[in-house]
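Results of the structural survey
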Amino acid sequence: MIHNPLPKRNTHLRDRPRVRSRYLVLAVLGLGVLCVSRPAFSPQARIMQPSGPLITDVVAGEAPSAAEPEPVISVTNKVVRRGDTLYDILKADGVPDPEILQIAGTRVDGIRPSSLVAGRTYRLHYEEEQLVEYQYEPDDMRFIRVAFGEGDPVISIEPIPYEIVREPISGVIEDSLFAAVESIGEKPALAMDLADIFAWQVDFFRDLRNGDSFAVVVDKYYRDGEFVRYGRIEAARFVNNKTTHRAFLYSPGSGLEDYFDEEGGSLRKQFLKVPLRFQRISSGFSARRLHPVTGKVVPHLGVDYAAPTGTPIMSIGDGKVVMIKRDEANGRIIKIRHNSVYSSAYAHMNSFASGMKVGTQVRQGQVIGYVGSSGRATGPHLHFAMYRNNKYVDPRRISVPRATSVPGADLEQFKAVVRELDQQLPGGLAGQVAENGGDADVLR
């Protein structure tokens with residue numbers, strides 16, 4: 001619904017008289033007239049906590065006067081379109097230029113109301129067709145609130161009011177992790193989060209078996225009765241080829257929140273197993289391979305992952321960009337040095353991620369570029385290579401140490417968290433079948 005702008009600004013709410021009076025004539029022995037002043041308008045009181053009717057003494061036998069009805073508040077939900085500006089949105093509802101400039105120039109908790117992103121939601125609240133409140137959601141956690149009343153607009157940042165429900169969820173893999181999650185009525189984001197947690201234990205390209213299972217405890221966020229998103233997975237179990245992996249979210253007193261196994265060992269190893277999610281290997285590491293373009297038998301000192309153009313490519317570990325260029329064979333390529341022993345390279349990119357240059361420090365899991373077919377390639381894919389002491393090694397055969405475990409001083413508290421979360425994880429037949437069942441077929 002699009003509200004037509006009012007013909008004249010002097011009909012805007014804040015241009016109404018500040019004080020309204022109403023008179024109640026008490027015809028008792030000519031006592032005179034009692035005047036009751038109505039309090040000034042407050043946007044928050046009007047919208048969030050409507051005040052009740054004013055109560056006065058009434059002479060016995062005389063009917064009270066009818067209470068003035070509360071104003072009707074209507075809300076219009078909209079989505080920011082490409083090219084929309086804060087000025088255009090507010091000007092359409094008669095907000096004067098000086099106020100729009102004041103709002104746009106304000107920064108609250110590091111956020112500017114004028115910074116709009118296409119696709120994000122905003123809301124317009126009206127009282128008797130006059131704009132009394134504007135809300136914009138820069139992310140999924142909070143919203144900007146601009147309240148119009150008498151005087152300057154009031155700008156604040158407030159949390160989005162979600163209903164959060166913690167739920168146990170489980171499933172069995174028969175085709176793929178995505179299909180298993182979808183079959184139980186959940187969203188693909190849950191599969192992505194689960195794969196991220198166990199990225200160091202399970203190669204989701206090669207290791208999945210028919211009958212593998214998963215179970216998680218996760219917070220689900222609802223708004224107005226509709227599911228919006230998942231919170232972080234609190235606990236997870238993944239059974240792969242009869243081997244059980246467990247993960248528990250915990251924040252040590254001396255470190256950042258992370259996932260640990262039941263003994264307090266970190267699940268996060270030095271490197272991710274794969275630099276992108278859920279695509280297929282089109283060519284493996286080999287000393288002799290027939291090149292699909294040149295037709296010559298040459299070494300293939302890396303792994304090719306076929307994926308659609310634009311698929312994000314992640315750095316497998318913390319490190320520094322030591323090479324970024326484009327050449328005839330590799331197309332767009334980035335090389336990252338992770339430490340004094342290991343480096344990795346990513347070739348045939350469609351484009352580099354913003355900010356990538358020689359010397360850029362990157363974090364594990366950070367997007368460094370996007371899959372393409374630049375250079376000598378027959379189709380979109382990532383050529384991924386790893387080096388140990390400057391010599392090529394097969395990325396799938398590297399064994400690396402774990403990251404920091406739960407400190408000894410925190411172990412008692414951590415164990416208590418594990419016991420509580422482990423009781424919430426679904427056990428059930430699915431887990432028993434995968435752990436104790438018979439033959440498991442590799443998913444191809």
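So, how was this worked out
Residues numbered from 1 in each chain as written. Predicted model: local features only at pLDDT ≥ 70, side-chain atom pairs only at ≥ 80, totals over all residues. Heavy atoms only, no water. Helix = DSSP H or I, 4+ residues; strand = E, 2+ residues; numbered from the N terminus. Buried < 20%, exposed > 50% of the residue type's maximum accessible area, 1.4 Å probe, protein only. Contact = heavy atoms within 4.5 Å. Areas by Shrake-Rupley, 256 points an atom, 1.4 Å probe, with all protein chains shown as cover. Pairing = 2+ DSSP bridges. Axes fitted to C-alpha atoms, helices over the stretch in contact; angles between N-to-C directions. pLDDT = per-residue confidence, 0-100. Core = buried A, V, L, I, M, F, W, Y, C linked by side-chain atoms within 4.5 Å. Phe/Tyr/Trp six-rings, centres within 6.5 Å; stacked < 30°, edge-to-face > 60°.

This paragraph deals with the overall build of the chain. Each helix and strand counted, the chain has seven helices and 24 strands in total. Here the chain, with 444 residues, has 41% of them falling under the buried criterion. Nonlocal contacts in the chain, meaning residues at least 24 apart in sequence, comprise 64% of its contacts between residues at least 6 apart. Looking at the chain as shown, the accessible area adds up to about 24200 Å², and 50% of this sits on carbon and sulfur atoms.

Time to look at the sheet that holds strand 4 (residues 121-127). With antiparallel pairing, five strands are arranged side by side in an open sheet as 3-4-5-6-7. Two strands in the sheet have a free side with no partner beyond their single neighbour: strand 3 (73-79) and strand 7 (154-159). Taken pair by pair, the neighbouring strands of this sheet meet at an average axis angle of 20°, ignoring direction.

Turning our attention to the side chain of Asp207. With respect to the element layout, Asp207 can be found in the loop between helix 5 (188-197) and strand 9 (213-223). Ignoring any residue separated from it by four or fewer positions in sequence, one finds Asp207 in contact with Val202, Asp212, Asn240 and Lys273.

For the chain, the mean per-residue pLDDT works out to 79, and 75% of the residues sit at or above 70. Every residue in residues 1-61 scores below 50 in pLDDT, and together they form 91 contacts with partners more than four places removed in sequence or on other chains. Note that pLDDT drops below 50 for residues 287-291; the model gives that stretch 17 contacts with residues more than four away or on any other chain.

Before going further, it helps to spend a moment on the pairing of strand 18 (residues 319-327). The side chains of a regular strand alternate between both faces of the sheet. Bridge count between strand 18 and strand 21 (residues 361-362): two bridges; the pairing is antiparallel. Residue pairing for strand 21: Gly319 is matched across the bridge by Val362. As judged from the seven bridges shared by strand 18 and strand 19 (residues 331-337), these two strands associate in the antiparallel manner. Bridging from a neighbouring strand, Lys325 pairs with Ile333 of strand 19.

With that settled, the discussion passes to the nonpolar core. Tyr305, Tyr346, Ile368, Leu382 and Met386 are the most contacted members of the largest nonpolar core, which has 30 residues in total. Sorting the residues of this core by element identifies strand 16 (303-306), strand 17 (312-314), strand 19, strand 20 (342-352), strand 22 (367-371) and strand 23 (381-388) as the ones contributing at least two each. By size, the runner-up hydrophobic cluster in this structure holds 25 residues, among which are Ala191, Ala195, Val218 and Leu267.

Let us now look at the sheet that holds strand 8 (residues 163-172). The strands making up a sheet are joined through hydrogen bonds of the backbone, oriented either antiparallel or parallel. Across the sheet, five strands lie side by side as 8-9-10-11-12; this open sheet has antiparallel pairing. Bordering the open sheet on either side are strand 8 and strand 12 (258-260), each of which pairs with just one other strand. Each adjacent strand pair in this sheet contributes to an overall mean axis angle of 30°, direction not counted. Examined bridge by bridge, strand 8 and strand 9 share ten bridges and lie antiparallel to one another. Its bridge partner being in strand 9, Glu163 is matched across the sheet by Tyr222. On top of the sheet, helix 6 (residues 411-424) reaches strand 8, strand 9, strand 10 (226-240), strand 11 (243-250) and strand 12; it is set at about 120° to strand 11, its chief contact.

Looking now at the packing of aromatic side chains. Geometry of an aromatic ring pair is reported as the spacing of the ring centres plus the angle between the planes. If you walk through the whole model with that rule in mind, you get eleven aromatic pairs. Plain terms: the ring middles of Phe198 and Phe238 are 6.0 Å apart, the flat faces sit at 45° to each other, and that makes the pair tilted. Here the residue Phe198 occupies a position in the loop between helix 5 and strand 9, and Phe238 occupies one in strand 10, the gap between them amounting to 40 residues. The two residues Phe198 and Phe238 agree in class, both being buried.

Right, let's talk about the environment of Ile164 for a bit. With respect to the element layout, Ile164 can be found in strand 8. By relative accessible area, which is 45% here, Ile164 ends up partly exposed. Distance in space between the C-alpha atoms of Ile164 and Arg223 is 8.9 Å, their sequence separation being 59 residues. Leave out the neighbours within four places in its chain, and Ile164 touches Asp219, Lys220 and Tyr221.

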